[in-house]
Amino acid sequence: MAGGGSAAGKGDAPSVRIVVAGDAKTGKSSLILTAATDTYPPNVPPVLPPTRLPDDIYPDKVPVTIIDTSSSPENRGKLVEELKKADAVVLTYACDKPATLDRLSTFWLPELRRLEVRVPVVVVGCMLDKRDEQYPVSLEQVMSPIMQQFREIETCIECSAFRHIQIPEVFYYAQKAVLHPTAPLFDQEAQTLKPRCVRALKRIFILCDLDRDGALSDAELNDFQVKCFNAPLQPSEIVGVKRVVQEKLQEGVNEQGLTLTGFLFLHALFIEKGRLETTWTVLRKFGYNNEIRLSEDQLPPPIKRHPDQSVELTNDALDFLRRIFFTFDIDGDGALRSNELDDLFSTAPENPWSDAPYKDAAEKDALGGLSVDGFLSEWALMTLLDPIYSVENLIYIGYAGDPSSAIRVTRRRRLDRKKQQSDRNVYQCFVFGPKEAGKSAILNSFIGRPFPEEYQSTTGDQYAVNVVDLGGAKKSLVLREIPEDEVKKLLSSKDALADCDIAIFVHDSSHEASWKRAADLLVDVASHGEATGYEMPCLIVAAKDDLEPYLTEIQDSTRVSQDLGIEAPIPISTKLGDFSNLFRRIVNAAEHPHLSIPETEAGRSRKQYHRLVNRSLMFVSVGAAVAVVGLAAYRVYAARKNASS
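Keep in mind it's a predicted model, so treat the numbers as computed, not measured. (Residues numbered from 1 in each chain as written. Predicted model: local features only at pLDDT ≥ 70, side-chain atom pairs only at ≥ 80, totals over all residues. Heavy atoms only, no water.)

Trainee: Whenever I open this one, helix α10 (residues 276-285) confuses me. Can you help?
Mentor: Every α-helix carries 3.6 residues per turn, so stepping three or four residues along brings you back to the same face. Taken residue by residue, α10 has L276, T278, T279, W280, V282 and L283 as its buried positions. Taken together, the buried residues of α10 touch α5 (167-179), α6 (195-208), α7 (218-229) and α9 (260-272). Once α10 ends, the next one or two residues include G287, with phi positive near 90°. (Buried < 20%, exposed > 50% of the residue type's maximum accessible area, 1.4 Å probe, protein only. Helix = DSSP H or I, 4+ residues; strand = E, 2+ residues; numbered from the N terminus. Contact = heavy atoms within 4.5 Å.)

What follows is the structure, encoded as structure tokens:
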């Protein structure tokens, strides 16, 4: 929800900020003062200060602050500022001035869209007492076309501050639109629950269906009622609820009780009858916010870590995911097809892997199914890139443990280098190289995609993740392709290489220019690592080994690798499927992070300088120690001489 973030479901202390806007002389200030004091004001100032309504004026007992605004050009900046902080907007027109009603659709509502103020709008006709009784107007008839055009309008109401007609209702509807908004729950045009609402209610149904028989028994319905509304249902009420459902929807009730279909039907019925607070109470009891996502207090706190620490799933979370995989592998073929995966994520707001960077990042079989390794690889990638989002989705699909128990923060990479080993289970490899070197082909091959016959330039980072078997021990490897054009931008950040366990530098071994560019990139990246303290192992990959190499490619690349102190280049051919154990070698190098770290000329000079400085400091400290010892000896000698004399 846009605005100040004060509304319920977004902050720790819920409150509602309502901004009243509209043409001059449409009754804004009189409306606010009458609502606050229950008295019609004879004299009204041009613009009121922020006005707080009593906390107990409405059933939700949520504080409401009303902001008055001026529509004059000189106050334009203040008006825009207030609108952008609003939780809801009340737009006023004067019932006796049709031109002010026209201005809603010609100026005010388009202006809110232009300013990207995406909050509920309540349209209020003020000064109802001044309308000419000889020309009665139906509010529904007047507002229906406008509401069709501007779906952000939550409701319309007419009032009179002078005669105290429907004044409290104006701000009740505005508050209700914030606390219990229609838009996230219900599609007004289709007259159906929105998909995200259905998914949340399905998860709640499953959580309440304790015996897992696909229906809420009378006892389970009663427990649900007590949890959400702090009051039990009488047996006659339970019978009545089920009768209402069964009359309208035969499959809504079966011998075991209220089915998921019936549960969803009931909520649609509540919403259609304007009882949105019922569904919102249920959602909030189960930890959902106004976006129908789990609120922050349901998730682990922000993770404190250094830039060179990453986050992985714990064994508890991995064991849970393996169980979930086989639960949803309905046909038992060892792979999750798209329909099975959709079913698995049907209690999450959406399938988290339907978009980049997760879409198609893991290996799939010929029918598009994810193996258990592919499934766990997607989770490894999501946890590496966005650990809190990963935990959030674990909870959606049924992880019942402490959310913090699902993830662990790894040891710092600089400590791994000192200890000369790494205990990570997930390694991230940055893939550098010039255009057309074969970077994408390596990523594609890693996850079993066929070799592409035509070259396609990569725009933006691409990821590929898979499990690498090191003779019994399985590690997840994430390959992140860095387009050549993005390298300069990447290295502009000090921490650019902090989350990189190993880098490979790919070149087309049949083109000299490709090798020279790859060598330049290697030096640039290695220099950045040396300067920032984020050194990492590096490997050179001579791709397209099936083509004729240029004359001095092997000597040049071997000489450079020797000069930098890293392994000789690894020849591969993705076209022929010859990888020289590349992926195992990447993981092996990442597991021993003190080896294969390139040392540039600048890095060597820096090390020599530090050695000289340290040696000088050592000489000074030794000299000082000798002087101290000499002074002490002299004092002993002097003391003895004084004693003998």
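Trainee: I tried to follow empty space enclosed by the protein on my own but got confused; where do I start?
Mentor: Think of a ball as big as a water molecule: rolled over the atoms, this probe shows where empty space is left. Per the stated rule, a full pass over the model turns up one cavity of 30 Å³ or more. What the largest cavity holds in volume is close to 80 Å³. Together, R413, D416, R417, S422, R424, C500, D501, E535, M536, P537, A590 and P593 line the largest cavity. Sorting elements by how many residues they give to the lining of the largest cavity places helix α15 (residues 413-419) first, with three residues. The class makeup of the residues in the lining of the largest cavity is five nonpolar, one polar and six charged. (1 Å grid on protein atoms, 1.4 Å probe; cavity = no way out; pocket = protein on both sides within 12 Å on 5 of 7 lines; lining within 4 Å. Points joined across faces, edges and corners; volume = space filled by probe spheres on them. Nonpolar A, V, L, I, M, F, W, Y, C, P; charged D, E, K, R; others polar.)

Trainee: Whenever I open this one, the side chain of D308 confuses me. Can you help?
Mentor: You can see D308 is positioned in the loop between α10 and β12 (311-313). Taking relative accessible area as the criterion, D308 reaches 1% and is therefore assigned buried. Leave out the neighbours within four places in its chain, and D308 touches R411, R412, R413, R414, R424, A498 and Y534.

Trainee: Looking at this structure, how should I read the layout of surface pockets?
Mentor: Estimates place the volume of the largest pocket at around 1200 Å³. Along the walls of the largest pocket sit 43 residues, with R151, I153, E154, T182 and Q188 positioned nearest its centre. Where the lining of the largest pocket is concerned, the elements lending two or more residues are α3 (98-114), α4 (139-149), β6 (153-158), α5, β7 (186-187), α6 and α9. Looking at which element gives the most residues to the lining of the largest pocket, the answer is α4, with six residues. Residue composition of the lining of the largest pocket, grouped by class: 21 nonpolar, nine polar and 13 charged.

Trainee: How should I be thinking about the environment of I447 in this particular structure?
Mentor: With respect to the helices and strands, I447 occurs in the loop between α16 (439-446) and β15 (462-469). For I447, a relative accessible area of 3% puts it in the buried group. Linking I447 and A362, residues 85 residues apart in sequence, is a C-alpha distance of 5.8 Å. Contact partners of I447, with chain neighbours within four places excluded, come to D360, A361, A362, E363, K364, A464, V465 and N466.

Trainee: I tried to follow the sheet that holds strand β2 (residues 51-53) on my own but got confused; where do I start?
Mentor: Within a beta sheet, neighbouring strands are joined by backbone hydrogen bonds and run either parallel or antiparallel to one another. One open sheet holds the six strands; their spatial order is β2-β3-β1-β4-β5-β6, and the pairing between them is mixed. Since the sheet does not close on itself, it has two edges, and those belong to β2 and β6, each with one partner. Neighbouring strand axes in the sheet, compared pairwise and without regard to direction, differ in orientation by 25° on average. With three bridges joining them, β2 and strand β3 (residues 64-68) adopt antiparallel strand pairing. Bridge assignment links L53 to a residue of β3, and that residue is V64. Contacts from helix α2 (residues 76-84) reach β1 (16-22), β3 and β4 (88-94), with the element oriented near 140° to β1. (Pairing = 2+ DSSP bridges. Axes fitted to C-alpha atoms, helices over the stretch in contact; angles between N-to-C directions.)

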